[in-house]
Amino acid sequence: MTAISERQQRAYIASQAADMRVNVELETEGMTLNIGPQHPATHGTLRIIVKLDGEQVVAADPVPGYMHRGYEKLTEVRTFPQVNTLINRIDWLGSFANEVPFILAAEQLMEVEAPPRAQWIRTLLFELSRIANVTLFLGDMAVQLGAVTPVFYAFRDREYVLNLIESATGGRFHPNFDRIGGLKDDLPKGWIAETKQVMVKVNAFCDELEALLLGNEIFNVRTRGIGVIPPEVALSYGLSGANLRASGVDWDHRRDTQVGLVYDKLDWKVWTHPDGDSFARYWVRLQEVREAAKMVIQLCDGLPSGPIMAKVPRIIKVPEGEAWVATENPLGEMGYYVVSKGDLVPFRVKIRSASFNNISIVPWLLRGVYVPDVITILASLYFILGDIDR
Amino acid sequence: MSSTDTDNADGAPATDELRNSLVEGLTGELHDGVVASHLLPGRDLWVRVTADAWETAGRVSRDLLGCSYFCYLSVIDWLPSPFGRSMDSSVDNLLEGVTAKEPEPMTHGVAGGDTRFQLIARLYDVHRHVGVNLKADVPDDTLTMATWTKLFGGANWHEREAYEMFGITFAGHPSLRKLYLPGDFEGYPLRKDFPLLSRMVKPWPGIVDVEGMPGVADDEGGE
Amino acid sequence: MGLVESGKLPKPLTKLLNISRKYSMWVYQWGLACCAIEMGAAFGSPRYDVMRLGVIPFPASPRQADLVVVSGTVTDKMAPAIRRLYEQMPDPKYVISMGSCANCGGPYWDSYSVTKGVDQIIPVDVYVPGCPPRPEALLEGIVLLQEMVANEDMAAKWKGEPLVVN
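Everything quoted here is computed from the prediction, not taken from an experiment. Counting of residues starts from 1 at the beginning of each chain's written sequence and follows it residue by residue. Whichever chain is written first becomes A and whichever ligand is written first becomes 1, with later ones labelled in order. Reporting in this predicted model follows two pLDDT cut-offs: at least 70 for local features of residues, and 80 or more for side-chain atom pairs to be given and counted; totals over whole chains, interfaces and linings ignore these cut-offs and use all residues. Hydrogens and water molecules were not included; the side-chain quantities draw on all heavy atoms of the structure.

(A) Fine view of the confidence of the model for chain B. All names here are of chain B. Summary of the metric used: pLDDT quantifies the predictor's per-residue confidence within the range 0 to 100. Residues at a pLDDT of 70 or more form 74% of chain B, whose mean pLDDT is 76. A helix here means a DSSP run of H or I that spans at least four residues, while a strand means a run of E at least two residues long, and both kinds are numbered starting from the N terminus. Mean pLDDT values for the elements of chain B range from 72 in helix α4 (residues 197-201) up to 92 in helix α3 (residues 155-166). The contact criterion used throughout is that any non-hydrogen atoms of two residues lie within 4.5 Å. Within the model, pLDDT remains below 50 along residues 1-12, and this stretch shows 26 contacts once partners closer than five positions in the same chain are excluded. Note that pLDDT drops below 50 for residues 216-223; the model gives that stretch 16 contacts with residues more than four away or on any other chain.

Laid out in structure tokens, this is it:
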């Protein structure tokens, strides 16, 4: 692993030294502050109990579970297509992305492969859901820091992408479009041309945000050097996705694990950033949206023709076995460990969701941090409550 | 001790050097700690270790084999459910004198198993892009396993979740308490003998609109 | 007001007060899950603007809100918080339950940790079905609520059964 960079070390030491000076001057009593569960900044119902010493956090304890719906128990009493409907709602912003690893795991157990056209369309919708998900993050992190305008742009530009997803699948989010062996339907006429136009808009949105925010002095002061995560710590906590890549670890499931989506046929790159602070996490995600738009255009151009559903029986009985499939979801690495006993229902589905690990680092990360920076760090880690609580 | 199956089915490589080296590394350090292993070439690797060797297996995987990315840690309960749907239940409600059926004999999955609960964890090497699924039988009498929190920070929350969902204690965990459920919740929900009360109190409301569950050879009438 | 309590409020005055109330609601959005995103699109995005109905989102606190939209799954752990929120709101207050999870438990009807509908905890005026309901559906729910408010009998609402806090 790479050692913590000099710059990170210096920033950390400087912040600790500044705190020492303050703590010597004032005698304060500790206070326990309860952030959440209903709070505009917590993306849902996350409760964090922080013990404060003045303005600094001494200890932080996130309390998840306010959105715990018991997914893993519910999958044991639903058939495989019914489970597919349910798991759409785990990461409720990038919802097509939730279905893909589960369907791929079931296909692995059934030893069925989706036809090429279905794989290309799956990848297309996967990247579209990534765009829909991360554009909201880009606007949302800005509004947590006080920049209210970008979130309206984000909602407006998301509408175009949601329109696309809706015209193809029927649902703005929660499409429930993936089927074991392929997809439910083919794409409607004129969809490809419209997608390309929308990607132009998405690129314009990214440029707009970059001009508005990345050079902004306030944004830089509030995010640079805040919430630095060294790569070894990130790996031991199981951070994934853009959070890990912003700490300098060059790992992306799309490139490194071949699972049945067609990333090896596209020309794209993985973005990393060496700093590991909140700015890096924002920056990496912004570049990923641009990259996703680029990939969508390539996918539109190279879409092969053919059937969209392989030959599978009407009643899906998945043969006995265990399979693990993980993909690079918008939030991080999402994986399903499916245990099947040759039945209509899965025996056990372990849902490995990205935000669960991403938030487990919060007790470690929030020590010694000032209260406004708590909001910045939470916003930059980017979690969805449904992903934490399942 | 360890047996690896190779599979030539769909163009996968006949031998998987990288994953074989992982198995050999583990066996070399743990010796009798490795009970069984299962390798799907080009796909995945499962290794089952004894309960005593659980912590060492994690340490060896992280330090020696380079699998420093902690993916997840969870539990599989192999008892077949007395309540859940299975191939021969036509409706899954237990109203009016229908008793829960006797669970079928317990069978285990990949790499075998002896006890009801099995810990499963996944560690991954982000540079060589290979991972290992580690399984361990949880002793039935004590339901206690060693903790991984000193090895991986992320294991903290995963072990808390395993504790509240299955009732497995982890010796040495800094604060083993409930993660998801409210404080006064009784029972361990993900155990197979924990019933979903809503399904027992009244039948699924959609049952009136849905065609009956098809028989084995029946291809008409879908879900 | 003495007139309201004794039920002697003249009809034109009731009508005027009802109209003024229905067009000046401050909506507190209790966004829990996926429906919160659709609610955000309805309230915040320029496309499904809710302010044109006279309903303003984002009050500073529940103590200043007239209407609460409960959107998303209500879990048993979250239920006391919702109860406390409802009690914090001043009368007259209205509740819209958005989405099938808040209506009846939705796709998680058999879960061990989900409250089967928010109406088990607080009284609901309008149910908006869907999973998630489109923003237009939520706007229609708000319009229905406004019609209900327009025809409301203020004296009856004032003298209604008090909520027992147990």
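(B) Spatial organisation of the interface of chain C and chain A. Each side of the interface is counted separately: chain C has 32 residues, and chain A has 32 residues. The working definition used for a salt bridge is a side-chain nitrogen of Lys or Arg within 4 Å of a carboxyl oxygen of Asp or Glu. Our enumeration of links across chain C and chain A arrives at four salt bridges. Ionic pairing is found between Asp110(C) and Arg78(A), a salt bridge with its closest N-O pair at 3.1 Å. The term polar contact refers here to a pair of N or O atoms within 3.5 Å; inside protein, the definition further demands a hydrogen-donor-capable atom paired with an acceptor-capable atom, and it admits residues adjacent in sequence only when both atoms are side-chain atoms. For the pair chain C and chain A, the number of links is 16 residue pairs in polar contact (both at pLDDT 80 or more). When residues of the side of chain C that touches chain A are traced back to their parent elements, those giving at least two are β1 (25-31) and α3 (34-44) of chain C. For this classification, Asp, Glu, Lys and Arg are treated as charged, while Ala, Val, Leu, Ile, Met, Phe, Trp, Tyr, Cys and Pro are nonpolar and the rest, including Gly, are polar. Taken together, the residues that form the side of chain C that touches chain A break down as 18 nonpolar, nine polar and five charged.

(C) A look at helix α1 (residues 17-30) of chain B. Residues and elements named next belong to chain B. Over its 14 residues, α1 extends 20 Å from the first C-alpha to the last, a length consistent with the 20 Å expected when each residue adds 1.5 Å. For every residue, the accessible area (1.4 Å probe, protein chains only) is compared with the maximum for its type, and the residue is labelled buried under 20%, exposed over 50%, or partly exposed between those bounds. Residues of α1 that are buried: Arg19, Leu22, Val23, Gly25, Leu26, Thr27 and Leu30. Buried-residue contacts for α1 involve β1 (34-40), β2 (44-49), α2 (54-63) and β5 (130-137). His31 sits one or two positions beyond α1 and adopts a positive phi of about 50°. The span you would expect from a helix comes to 1.5 Å times its residue count less one.

(D) Quick peek at the pairing of strand β4 (residues 117-125) of chain B. All names here are of chain B. Buried residues dominate β4, accounting for nine of its nine residues. A two-sided burial pattern is seen for β4, the buried positions comprising Phe117, Leu119, Ala121, Leu123 and Asp125 on one face and Gln118, Ile120, Arg122 and Tyr124 on the other. In this structure, strand β3 (residues 69-77) lies alongside β4, joined through eight bridges in antiparallel fashion. Within β4, the position partnered with Leu73 by the bridge is Ala121. In this sheet, β5 lies alongside β4 in antiparallel orientation, the contact comprising eight bridges. When DSSP locates at least two bridges between a pair of strands, those strands are taken to pair.

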